[in-house]
Amino acid sequence: MTPVTATKRPAQGASGAGPPDRGAWFLVLPALIPILVLSVGPLLHGVLLAFTDAQSGRLRPTRWIGLLNFRDLVQDTLFWESFRIGLVWAAGVTVPQFLLALGLALLLDADLRLRPLARALAIVPWAMPEVVVGIMWRLVYQPDAGVLNETLRDLGLGAGRDWLGGLATALPAVIVVGVWAGLPQTTVALLAGLQGTPRELHEAAAVDGAGAWRRFRTVTWPALRPVALAITALNLIWNVNSFALVYVLTSGGPGGRTRLPMLFAYEEAFRYGQFGYAAAMGCVLVAVVSILLAAFLAGRLSGGDDT
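Note that this is a predicted model, so its numbers are computed, not measured.

K.L.:
Before we move on, can you summarise the overall build of the protein chain with the specific residues and values?
P.N.:
Broken down by element type, the protein chain carries 12 helices and 0 strands. The order of helices and strands in the protein chain, counted from the N terminus, is α-α-α-α-α-α-α-α-α-α-α-α. Expressed as a percentage of the 307 residues in the protein chain, the buried residues total 35%. The contacts of the protein chain with a sequence gap of at least 6 include a subset with a gap of at least 24, amounting to 64%.

Shown next as structure tokens:
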């Protein structure tokens, strides 16, 4: 008679049997709770605040007013002007930033002397807080004794000008600072993508007689494209939400020429005390950023990228 052998019952949570281990949630909670308390909670509170007439001061009761803030926002020409300035700022920073970072990444990827030192120096702006960057560049742009105007005077190119105080020069001057401050992280991301490209492909293309531009177009760029799309989308989102750098440089002046949407919302909330109206502005900005992110994800999916 053949003995019957007992089969061992599969443990709960094993592949293909039983529900997942509930104890794993306790490992997630330490990271999940701060996100819920510090990010999701304030976001939901801000969305609810946008449908009220909340103002500064505790003596006045807050009332639910529905879409009234959004109706006023549609008719607010100053907000839409700040929105236009924000789009000019975001595009004016993102595009040159990517082009300069791509050139710098290609240079740092080459086999040059002192390459480790050059890579370390390239990320110095990234290690500086935005407030420090803003103060430093205000000294550079200082109209009387700034480095830029002193250099122009020494070269005989004019007596200098008030770069941050001029109506025509304030926004371009701020864009230059934005490009400089955000260049390192874009460079690091692109450099990582370049180093992930197999060297054998470049060597094979060189053996086939491909020049530098053809190797870049057929070998480097296809491998770099997912990284380039990701960092460009992130830069665009970050630049739309910019606040600290422009606030330190110009506080939105002169004459509102550098008043980005976040600066407008800040002034409405903390200078004029219109918390509900400022929250409505924040909701519009969140919607714009969400649309940009959705467009980026749609482009990635339609392009067939798996990474």
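K.L.:
Account for the pattern of salt bridges, with residues named and values stated.
P.N.:
The final tally for this structure, using the stated rule, is 6 salt bridges. The partner of Glu 81 in a salt bridge is Arg 84, with the nearest N and O atoms 2.7 Å apart. Remark: Arg 84 and Glu 81 occur in helix α3 (residues 77–109); sequence separation between them is 3 residues, near one turn of the helix. Residue classification places Glu 81 among the partly exposed positions, given a relative accessible area of 34%. Residue Arg 84 is classed as partly exposed on the basis of its relative accessible area, which comes to 45%.

K.L.:
Quick rundown of the packing of aromatic side chains? Include the residues and the values.
P.N.:
Per the stated rule, a full pass over the model turns up 16 aromatic pairs. Considering the side-chain rings of Phe 79 and Trp 80, the 5.2 Å spacing of their centres and the 70 degrees angle between planes classify their relative orientation as edge-to-face. Note on Trp 80: relative accessible area 38%, which makes it partly exposed. One aromatic cluster is present, built from ring pairs that chain together Phe 243, Tyr 247, Tyr 266, Phe 270 and Phe 275.

K.L.:
An account of the packing of helix α5 (residues 130–141) against helix α7 (residues 170–195) is needed here, citing residue identities and associated values.
P.N.:
Following both chains from N to C, one finds α5 and α7 inclined at 135 degrees, their axes separated by 11 Å at the closest point. When the axes of α5 and α7 are compared, the pair comes out oblique. In terms of crossing hand, the pair formed by α5 and α7 is right-handed. Along the contact surface, α5 presents Val 133, Met 136, Trp 137 and Tyr 141, while α7 presents Ala 173, Val 176, Val 177, Trp 180 and Ala 181. Taken together, the residues that form the contact of α5 with α7 break down as 9 nonpolar, no polar and no charged.

The rules behind these values
- Residues numbered from 1 in each chain as written.
- Predicted model: local features only at pLDDT ≥ 70, side-chain atom pairs only at ≥ 80, totals over all residues.
- Heavy atoms only, no water.
- Helix = DSSP H or I, 4+ residues; strand = E, 2+ residues; numbered from the N terminus.
- Buried < 20%, exposed > 50% of the residue type's maximum accessible area, 1.4 Å probe, protein only.
- Contact = heavy atoms within 4.5 Å.
- Salt bridge = Lys/Arg side-chain N within 4 Å of Asp/Glu carboxyl O.
- Phe/Tyr/Trp six-rings, centres within 6.5 Å; stacked < 30°, edge-to-face > 60°.
- Axes fitted to C-alpha atoms, helices over the stretch in contact; angles between N-to-C directions.
- Parallel < 35°, antiparallel > 145°, perpendicular 65-115°, else oblique.
- Left-handed = near helix turned anticlockwise from the far one by under 90°.
- Nonpolar A, V, L, I, M, F, W, Y, C, P; charged D, E, K, R; others polar.

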